[in-house]
Amino acid sequence: MPTVDVIGIDGQKVGEVALADDVFAARIHVPAMHQVVVAYLAAQRQGTHSTKTRGEVRGGGRKPWRQKHTGRARHGSIRSPLWTKGGVIHGPRPRSYDQKVNKKVKRLAIKSALSLKVKENKLILVEGIETMSPKTKDMCAFLANAQAQAKPLIVIHESLPSIYMAARNIPGTRVLHVDSINVYEILNHEHLILTKGAAQRLEEVYSA
């Protein structure tokens, strides 16, 4: 059972918390994390790209010249894909890039990502962050005291507008509600900062 230090907003240790083994000390399954991240990034694509076929391009209704006796190649339309400003052959069409991922794979991936942060000593539990003022300098001071200035992800368990405001102007810093946490965001950030309530929520949801 991994034990993680709990710090206050001044960066000082205020206690320890023993985290659940099946969530924060699970076997790290790299293929599951890869599959979930690829599916997440694919779902971000709008899929609105589109080109026109020769039947959709404006013009080209008249045969440009007669079939024979001109010395030139035969053509039936100036909107043929062979012509400039003609249609496009096998061009991109609107589509969905969504990929199906099983629920068990998603659970395995999120537990693997959380366990990886614990293994790398990049997971931090914080207490009392709800009392922080909505000032960027206060958030910068907290991250410096916690030694987590490099691209931190702050996960909260309740609505705290002041935390969003304090962190929004710090490059690389992201604030998420615990219900919105995902594998991509965990792996894409260097440090994972959880409130005690967020850690408890993750244990409730992802414990076997």
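An account of the accompanying structure is given in this report.

Procedures and definitions
Residues numbered from 1 in each chain as written. Predicted model: local features only at pLDDT ≥ 70, side-chain atom pairs only at ≥ 80, totals over all residues. Heavy atoms only, no water. Helix = DSSP H or I, 4+ residues; strand = E, 2+ residues; numbered from the N terminus. Rg over C-alpha atoms; globule rule 2.2 N^0.38 Å. Buried < 20%, exposed > 50% of the residue type's maximum accessible area, 1.4 Å probe, protein only. Contact = heavy atoms within 4.5 Å. Areas by Shrake-Rupley, 256 points an atom, 1.4 Å probe, with all protein chains shown as cover. Pairing = 2+ DSSP bridges. Salt bridge = Lys/Arg side-chain N within 4 Å of Asp/Glu carboxyl O. Axes fitted to C-alpha atoms, helices over the stretch in contact; angles between N-to-C directions. Left-handed = near helix turned anticlockwise from the far one by under 90°. Nonpolar A, V, L, I, M, F, W, Y, C, P; charged D, E, K, R; others polar.

Next up on the list: the overall build of the protein. Assigned secondary structure in the protein consists of seven helices and six strands. When the helices and strands of the protein are read in sequence order from the N terminus, they spell out β-β-α-α-α-β-α-β-α-β-α-β-α. Against the globule reference of 17 Å for 208 residues, the protein gives a C-alpha radius of gyration of 27 Å, more extended than a compact globule. Dimensions of the protein, computed from the C-alpha atoms along their principal axes, are close to 95 × 40 × 25 Å. For the protein, the proportion of its 208 residues judged to be buried stands at 40%. Looking at the protein alone, contacts between residues at least 24 apart form 67% of all its contacts between residues at least 6 apart. Here the protein displays about 12,500 Å² of accessible surface, and carbon together with sulfur accounts for 50% of that area.

Here we take up the pairing of strand S6 (residues 191–195). Of all the five residues making up S6, five are buried; the element is thus mostly covered by neighbouring parts of the structure. The alternating pattern of S6 places His191, Ile193 and Thr195 and Leu192 and Leu194 on opposite faces, both of which are buried. As paired elements, strand S3 (residues 123–126) and S6 share four bridges and run parallel to each other. For isoleucine 124, the partnering residue across the bridge sits in S6 and is isoleucine 193. Examined bridge by bridge, strand S4 (residues 152–156) and S6 share four bridges and lie parallel to one another. Bridge pairing links leucine 153 to leucine 192 in S6.

In this section: the pattern of salt bridges. Per the stated rule, a full pass over the model turns up seven salt bridges. The salt bridge partner of glutamate 127 is lysine 196, with a shortest N-O separation of 3.2 Å. Of this pair, glutamate 127 sits in the loop between S3 and helix H4 (136–145) while lysine 196 sits in helix H7 (residues 196–206), and the two are 69 residues apart along the sequence. Owing to a relative accessible area of 30%, lysine 196 belongs among the partly exposed residues under this scheme.

What follows is about the packing of helix H3 (residues 103–119) against H7. One way to put it is that H3 packs onto H7 with a least axis distance of 11 Å and a crossing angle of 145 degrees. Between H3 and H7 lies a crossing whose hand is left-handed. Taken together, the residues of H7 that come into contact with H3 (itself represented by Arg107, Ile110, Lys111 and Leu114) are Leu202, Val205 and Tyr206. In the contact of H3 with H7, the residues fall into five nonpolar, no polar and two charged.

Now for the sheet that holds strand S1 (residues 3–7). Judged by pairing direction, the sheet is mixed, and its six strands sit side by side in the order S2-S1-S3-S6-S4-S5 without closing on themselves. Looking at strand neighbours, the two that pair on one side only are strand S2 (13–18) and strand S5 (174–177), the edges of this open sheet. In this sheet, neighbouring strand axes are inclined to one another by 30 degrees on average, regardless of whether the strands run parallel or antiparallel. Here S1 runs beside S3; their pairing, made up of two bridges, is parallel. Bridged to isoleucine 7 within S3 is valine 126.

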